[in-house]
Amino acid sequence: MHRRGDGAAFAHTAGPQSWKPFLHRPRVKLWDADRTGEGFEVRDQAPDPPRYAFLGVRPCDLRAIAVQDRVLMGGRDVDPDYRARRQGAFIIAVNCTEPGETCFCVSMGTGPEAGPGYDLAFTELVDDDGPRYVVDIGTEAGAAVMADVPSGAAAGADVERARAEVRAAADRMGREMPALGLRDLMAENLDSPRWDDVAERCLSCGNCTMVCPTCFCTKVTDTTDLTGDHAERWQLWDSCFDLDFSHLHGGNVRASAKSRYRQWLTHKLGTWHDQFGSSGCVGCGRCVVWCPVGIDLTAEVAALRAEAP
Amino acid sequence: MAPVPYRVVAKRAETAETVTLTLAPVGAAIPEPEPGQFTMMYAFGIGEVPISVSRTRPVLEQTIRAVGAVTGALCRAEAGQVIGLRGPFGTGWGVDEARGRDLVLAAGGIGLAPLRPAILRALARRDDYGRVAVLIGARTPGDLLFEDELETWRARGAQVEVTVDRPAPGWTGHVGLITALAGSADVDPSRAAAYVCGPEIMMRLTAQALAGLGTHPGRIRVSLERSMRCGIGWCGHCQLGPLLICRDGPVVPYESAVPLMAVKEL
Ligand SMILES: Cc1cc2nc3c(=O)[nH]c(=O)nc-3n(C[C@H](O)[C@H](O)[C@H](O)COP(=O)(O)OP(=O)(O)OC[C@H]3O[C@@H](n4cnc5c(N)ncnc54)[C@H](O)[C@@H]3O)c2cc1C
Ligand code: SF4
Ligand code: SF4
């Protein structure tokens, strides 16, 4: 990262961690309970979250929030902690004009222009006298905020330039995902030798799952204090790369690193569609950046396709 | 996510390591489960695990084999003790929609527990079904669940066949794999619905045998098991390919389970 001379505030790409930790927290207390005479009494943890405003949400991350919405709020059972945080959130998206080396939102259809879901969406225009912003208003709450911000009706030329800069960004993506037919590619190549190849490199560290803005898996732990009379249940982020993730009496279903990488990638790009009606990848590139051995899912997919029968 | 307190009102030892608990709500109750559904059972301070319902009415029963920390604690629960329940979750066998058909219910080991409510439901509405065959496989005669009930099932019009892997002195029944029993089910395979529950290998072979005899694979159902931490589709642990087993299962058509069970470590 380096500071530019032009005063641009958003000339960076998606940050090292997404907004996920604020909405789908790494550690959530679900309830606690006290032993009573013969039984116990449970107290549900009522969500009492702070209200957040997220400034600078990239289009890929905006889509990732929508993807998690579907997982955690779209089914029969709604995650109350997530919902409370999500409903209170005010989102200021910033369209991308400076894509990075590991970005491929265009391939995944998630950027560089923000899709629905924002309260406000900025496009940064940088001139000699500093940055200015063309603002798209997405909601009434967004309009109410803008009423207090020094602003005027955007000039047609500024809007045109803003749209053009975002369009131009689409041609400068650092990575490309051969996105067509991904779902079938995953389903039809579960026995590909490519999985052995990636397993030679993958450390099963789980970094990719921790930084991925859509990964949602959790485990729960039940504990007591030393008296044994006070119990708590906590929900913690978990990773499908963890050996115990698939624990069953009698052994772990996914004992090999190969099967765990395969689970991650085929879920993200394939079976997510079956389960939640969309892809689980938004093309933010974080998993590529954070992988300690440089595994790049776009390259793995290209290899899978090249080696497919 | 909070467990609902249930009192153990009766406890019956089924085998050396398996007990059946009869449960009654301390206060509010969970909705009545469908045969094939499961609950998340909580042992205070120890943990929570998925356990199928082994009787849905007039009382709730669950049958648990002690294999680890939580199931061990649940099996040690005595009458009067309070445990927690969430649920019911998942898909059922679909006994009601199979009315008019012959039924084959094939169980391996603890797999008889989730099938028992289906058997009881069919026998309670005996006239709604054609012939009913219950095929049971156990390791040894001592591992047989619900042994004292089998006669009642027979008396109420079910064919009940039992086979063991290793007979004990005095055993006069079948010996061998349950797959070999498939042919002895006295039903018309072409109009039968079949429910199979047990270890994956047992389900694969038994379902295959039943399909081979002429039962449409779309009417053969199996019950799948994977790690489950929430039961409500948030935790991601119970994935099997496209399925979230807590939500899309545990009971699934054999047709959709076959390709998934065939992939190692999926
Ligand atoms: C739909 C369904 C229905 C079922 N129905 C029945 C039934 O009717 N009767 C029956 O007896 N069984 C049933 N089972 C199986 C039962 O759920 C398991 O036997 C039970 O979960 C084992 O739990 P345990 O604590 O006793 O054993 P453990 O093997 O100790 O596992 C307990 C839990 O702790 C976690 N765990 C274990 N070891 C570790 C570790 N080293 N690190 C981190 N976490 C760990 C696992 O994720 C596991 O969920 C069913 C399972 C499913 C999915
Ligand atoms: S899989 Fe990688 S590129 Fe796709 S959303 Fe997750 S972290 Fe971003
Ligand atoms: S970050 Fe890389 S090494 Fe770590 S689990 Fe993911 S793919 Fe494997």
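Please refer to the structure higher up on the page.
Conventions used here
Residues numbered from 1 in each chain as written. Chains lettered and ligands numbered in written order. Predicted model: local features only at pLDDT ≥ 70, side-chain atom pairs only at ≥ 80, totals over all residues. Heavy atoms only, no water. Near = heavy atom within 4 Å. Nonpolar A, V, L, I, M, F, W, Y, C, P; charged D, E, K, R; others polar. Contact = heavy atoms within 4.5 Å. Buried area = accessible area lost by both parts, 1.4 Å probe. Salt bridge = Lys/Arg side-chain N within 4 Å of Asp/Glu carboxyl O. Polar contact = N/O pair within 3.5 Å; in protein donor to acceptor, adjacent residues only side chain to side chain. Helix = DSSP H or I, 4+ residues; strand = E, 2+ residues; numbered from the N terminus. Pairing = 2+ DSSP bridges. Axes fitted to C-alpha atoms, helices over the stretch in contact; angles between N-to-C directions. Areas by Shrake-Rupley, 256 points an atom, 1.4 Å probe, with all protein chains shown as cover. Domains from an automatic or database assignment. Buried < 20%, exposed > 50% of the residue type's maximum accessible area, 1.4 Å probe, protein only.

A.B. asks: How would you sum up the site of ligand 2? Please name residues and give values.
C.D. replies: Around ligand 2 lies a shell of 13 residues, among which Cys-212, Cys-281, Cys-284, Gly-285 and Cys-287 of chain A are the nearest. Across the shell around ligand 2, the residue classes break down as 9 nonpolar, 2 polar and 2 charged.

A.B. asks: How would you summarise the interface of chain B and chain A if you had to cite specific residues and measurements?
C.D. replies: Interface size, as often reported, equals the accessible area lost upon joining of the parts. At the junction of the two partners, chain B supplies 39 residues and chain A supplies 50 residues. When chain B packs against chain A, close to 3600 Å² is buried across both sides, 56% of that on carbon and sulfur atoms. Ranking the residues of chain B by area buried against chain A places Phe-44, Trp-234 and Glu-265 of chain B at the top, with a combined share of 25%. Across the contact surface, chain B and chain A share 2 salt bridges. Put simply, chain B and chain A have 19 residue pairs in polar contact (both at pLDDT 80 or more) between them. Within the residue set of the side of chain B that touches chain A, elements represented by two or more residues are strand S1 (4-13), strand S4 (47-55), strand S6 (82-89) and strand S14 (243-244) of chain B. The element best represented in the side of chain B that touches chain A is S6 of chain B, accounting for 6 residues.

A.B. asks: Talk me through the sheet that holds strand S2 (residues 40-44) of chain A; I want residue IDs and the actual numbers.
C.D. replies: Residue and element names in this part refer to chain A. In space, the 4 strands of this open sheet follow the order S2-S1-S8-S7, with antiparallel pairing throughout. In the strand order of this sheet, the two ends are held by S2 and strand S7 (218-224), each with one partner. The mean angle between the axes of side-by-side strands here comes to 20°, regardless of whether they run parallel or antiparallel. Note: strand S1 (residues 27-35) against strand S8 (residues 230-237), 7 bridges, orientation antiparallel. Looking across to S8, one finds that Asp-34 is bridged to His-230.

A.B. asks: So what's going on with the site of ligand 1? Residues and values would help.
C.D. replies: In the vicinity of ligand 1, 22 residues are found, and the nearest of them are His-247 of chain A together with Pro-50, Arg-65, Val-70 and Thr-71 of chain B. The separation between a nitrogen atom of ligand 1 and a polar main-chain atom of Thr-63 of chain B is 2.9 Å. When the free accessible area of ligand 1 is taken as 960 Å², the share hidden by the protein chains comes to 77%. Residue assignment for the shell around ligand 1 shows that the elements contributing at least two residues are S4, strand S5 (60-65) and helix H1 (69-76) of chain B. Considering each element in turn, the shell around ligand 1 owes the most residues, 4 residues, to S4 of chain B. Taken together, the residues of the shell around ligand 1 break down into 11 nonpolar, 6 polar and 5 charged. Each of two domains, domain 1 (4-89) and domain 2 (95-257) of chain B, supplies a minimum of three residues to the shell around ligand 1.

A.B. asks: How would you summarise the pattern of salt bridges if you had to cite specific residues and measurements?
C.D. replies: Residue and element names in this part refer to chain A. Using the criterion set out here, one finds 50 salt bridges over all chains in the structure. In this structure, the salt-bridge partner of Arg-175 is Asp-296, at a minimum N-O distance of 2.5 Å. On the criterion of sequence distance, the pair formed by Arg-175 in the loop between helix H6 (156-169) and helix H7 (182-188) and Asp-296 in the loop between helix H11 (286-290) and helix H12 (297-307) is long-range, its members being 121 residues apart. Given a relative accessible area of 25%, Arg-175 falls into the partly exposed group.

A.B. asks: Give me the side chain of Thr-215 of chain B: which residues, what numbers.
C.D. replies: All names here are of chain B. Relative to the assigned elements, Thr-215 resides in the loop between helix H4 (200-212) and strand S12 (220-223). Given a relative accessible area of 3%, Thr-215 falls into the buried group. Within polar-contact distance, the side chain of Thr-215 engages the backbone oxygen of Pro-189 at 3.0 Å. Residue contacts for Thr-215: discarding those within four places in its chain leaves Pro-189, Ala-192, Leu-210 and Ile-220.

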